[in-house]
Amino acid sequence: MLFTDSHCHFDFPEFSGLRTDIARQIRELGVHRIIVPGVSAAHWQRQFDTCRQFAPCYFAFGIHPWWVEDAKEEDLTLLPDYLLHNKVIAVGEIGLDAKIDNMAKQQEFFQAQLAIARSADLPVLIHHRRTHHLIQPLLKQYALPRGGVIHAYSGSFQQAMTYVELGFKLGVGGTITYERAQKTRDAIARVPLTSLLLETDAPAMPLAGRQGEINSPAYLPEVFRQLCQLRSEPEDLIAHQLEQNCQQLFSF
Ligand SMILES: [Zn+2]
């Protein structure tokens, strides 16, 4: 079985000195592709330089809502050039986070990046936190032909289906390994299998039982096994469909 980690910050300093070992380890586990999302213009070049030597790494560039506070208008003008490399498969990570108190600026940068994704003909990687009600109308408005992924999806079945109907996929990660995430587990169990992607969000979002540890793309097969417990389809069919979903969304 082959797997794609559709969201892993492999460039983050937590992985310093570990990348070569992890790259070897994940090859043995069948994790053959990692999508490394961007967070800010100041990090893009280092993100690319740190990870380009690792064959499984593909890239997205974008300004993450946590980094919007320090972002400048000019950063947006640098983005289209970064999107031209042949291992760039999306714009991201972009989105809206209600826990950060600069929603007007977040809205401005999110919308500008949705427009850039549309002109670059790329899908988007979307960060959300208590913002489904703000993100969904914007996705309707911008109607990106390539869609994207709602990274680390958490929310209800209804909200999930709204994204699916807009042509978006849902990123399934460590959240589903927590018993208490009942609403999200129920949503992931019921949406069409064609709408799901696997991710770790490493080094963040440790799986249940690994709290306090650095998360790793090597744990992606564990996320997969947890997903299989929630779904009714056979394991090999699930694995095959998840890879198809990645291929269809990102056109590797
Ligand atoms: Zn992320």
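For the structure, check the block above.
Let us look at the structure shown here. Along each chain, residues carry numbers from 1 onward, in the same order as the chain's sequence is written. Predicted model: local features are reported for residues with pLDDT of at least 70 only, side-chain atom pairs are reported and counted for 80 or more only, and whole-chain, interface and lining totals are derived from all residues. Side-chain descriptors were evaluated using all non-hydrogen atoms of the structure, hydrogens and water having been removed beforehand.

**Digging into the pattern of salt bridges**
Pairs may arise between side chains of opposite charge once their charged atoms sit close together.
Working step 1: Should a side-chain nitrogen of Lys or Arg be within 4 Å of a carboxyl oxygen of Asp or Glu, the pair is scored as a salt bridge. Taken as a whole and assessed by the stated rule, the structure comprises 9 salt bridges.
Working step 2: A salt bridge links Arg129 to Asp97; its shortest N-O distance comes to 3.0 Å. Pair noted here: Arg129 is in strand S5 (residues 124–129) and Asp97 is in strand S4 (residues 88–97), with a separation of 32 residues, a long-range link.
Working step 3: For the exposure calls, accessible area comes from a 1.4 Å probe over protein chains only, and a residue counts as buried if that area is under 20% of its type's maximum, exposed if over 50%, partly exposed in between. By relative accessible area, which is 30% here, Arg129 ends up partly exposed.
Working step 4: Look at Asp97 and you get buried, because its relative accessible area is 0%.
Working step 5: Between Arg231 and Glu233 there is a salt bridge, with the nearest N and O atoms lying 2.8 Å from each other.
Working step 6: Exposure remark for Arg231: the relative accessible area of 9% places this residue in the buried category.
Working step 7: Connected via shared salt-bridge partners are Arg210, Glu213 and Glu222. Helix numbering and strand numbering both begin at the N terminus, where a helix is a DSSP run of H or I of at least 4 residues and a strand a DSSP run of E of at least 2.

**Overview of the coordination of the zinc ion**
Working step 1: Metal coordination here is assigned from N, O and S atoms located within 2.8 Å of the ion, or within 3.2 Å for Na, K and Ca; omission of water means that sites may look incomplete. Bound to the zinc ion on the protein side are His7 (NE2), His9 (NE2) and Glu93 (OE), at distances that span 2.1 to 2.2 Å.
Working step 2: Positions of the donor residues of the zinc ion, expressed as sequence spacing, correspond to H-x1-H-x83-E. Placement of the pair is His9 in the loop between strand S1 (3–5) and helix H1 (19–29) and Glu93 in strand S4, with a sequence separation of 84 residues. You'll find His9 and Glu93 in the same group, each marked buried.

**Let's talk about the environment of Glu69**
Working step 1: Its location among the elements puts Glu69 in the loop between strand S3 (57–61) and helix H3 (73–82).
Working step 2: Along the sequence, Glu69 and Leu166 sit 97 residues apart, while their C-alpha atoms lie 29 Å from each other.
Working step 3: The contact partners of Glu69, leaving out residues within four places of it in the chain, are Asn102 and Lys105.
Working step 4: Two N or O atoms count as a polar contact when they lie within 3.5 Å, although within protein this holds only if one can serve as hydrogen donor and the other as acceptor, and sequence-adjacent residues are included solely when both atoms are side-chain atoms. Only 2.7 Å separates the side chain of Glu69 from the side chain of Asn102, close enough to count as a polar contact. Pairs of residues are marked as contacts when any of their non-hydrogen atoms sit within 4.5 Å.

**Here's the deal with the packing of helix H2 (residues 41–51) against H3**
How two helices sit against one another is set out by the angle between their axes and by the gap between those axes.
Working step 1: Taken N-terminus to C-terminus, the directions of H2 and H3 make an angle of 25°; their axes are 10 Å apart at the nearest point. Between H2 and H3, the interaxial angle falls into the category roughly parallel. Like other packed secondary-structure pairs, H2 and H3 cross with a definite hand, here left-handed. From H2, Ala41, Trp44 and Gln45 reach across to H3, where they touch Asp75, Leu78, Leu79 and Tyr82.
Working step 2: Residue composition of the contact of H2 with H3, by class: 5 nonpolar, 1 polar and 1 charged. Here, axes are lines fitted to C-alpha atoms. For helices the fit covers the stretch in contact, and angles between N-to-C directions go from 0 to 180 degrees. Roughly parallel means an angle under 35 degrees; roughly antiparallel, over 145; roughly perpendicular, 65 to 115; everything else is oblique. Whether a crossing is left-handed or right-handed is set by the direction in which the near helix is turned from the far one by less than a right angle, anticlockwise for left-handed and clockwise for right-handed. Classes in brief: Ala, Val, Leu, Ile, Met, Phe, Trp, Tyr, Cys and Pro nonpolar; Asp, Glu, Lys and Arg charged; the others, Gly included, polar.

**What about the side chain of Gln47?**
Working step 1: With respect to the element layout, Gln47 can be found in helix H2.
Working step 2: Within polar-contact distance, the side chain of Gln47 engages the backbone oxygen of Pro37 at 3.4 Å.
Working step 3: A distance of 3.0 Å separates a polar side-chain atom of Gln47 from the backbone oxygen of Ala60.
Working step 4: Residues contacting Gln47, with those up to four places away along its chain left out, are Asp11, Val36, Pro37, Gly38, Phe59, Ala60 and Phe61.

**Some details on H1**
Working step 1: Buried within H1 are the following residues: Arg19, Ile22, Ala23 and Ile26. Looking straight down H1, one finds that the buried residues subtend no more than 100° of arc, so they occupy a single side. With respect to the buried face of H1, the exposed residues turned more than 90 degrees away are Arg27 and Glu28.
Working step 2: Where H1 is buried, its residues meet strand S2 (31–36) and H2. It is the directions from the helix axis to the C-beta atoms whose arc is reported.

**Things to note about unusual backbone geometry**
For residues other than glycine, phi is negative in most cases, and the peptide bonds are mostly trans.
Working step 1: Backbone torsion omega between Gly92 and Glu93 reads 10°, so that peptide bond is classified as cis.
Working step 2: In this structure, the amide linkage connecting Ala202 to the following residue, Pro203, adopts the cis form with an omega of 10°.
Working step 3: Examined against the element boundaries, Pro203 turns out to sit in the loop between strand S8 (196–198) and helix H8 (220–230).
Working step 4: Positive phi, close to 50°, is recorded for Ala152, a residue that is not glycine.
Working step 5: Within the secondary structure layout, Ala152 lies in the loop between strand S6 (148–150) and helix H6 (157–165).
Working step 6: Backbone geometry places Met205, a non-glycine residue, at a positive phi of 50°.
Working step 7: Mapped onto the fold, Met205 is located in the loop between S8 and H8.
Working step 8: For Met205, a relative accessible area of 24% corresponds to the partly exposed category.

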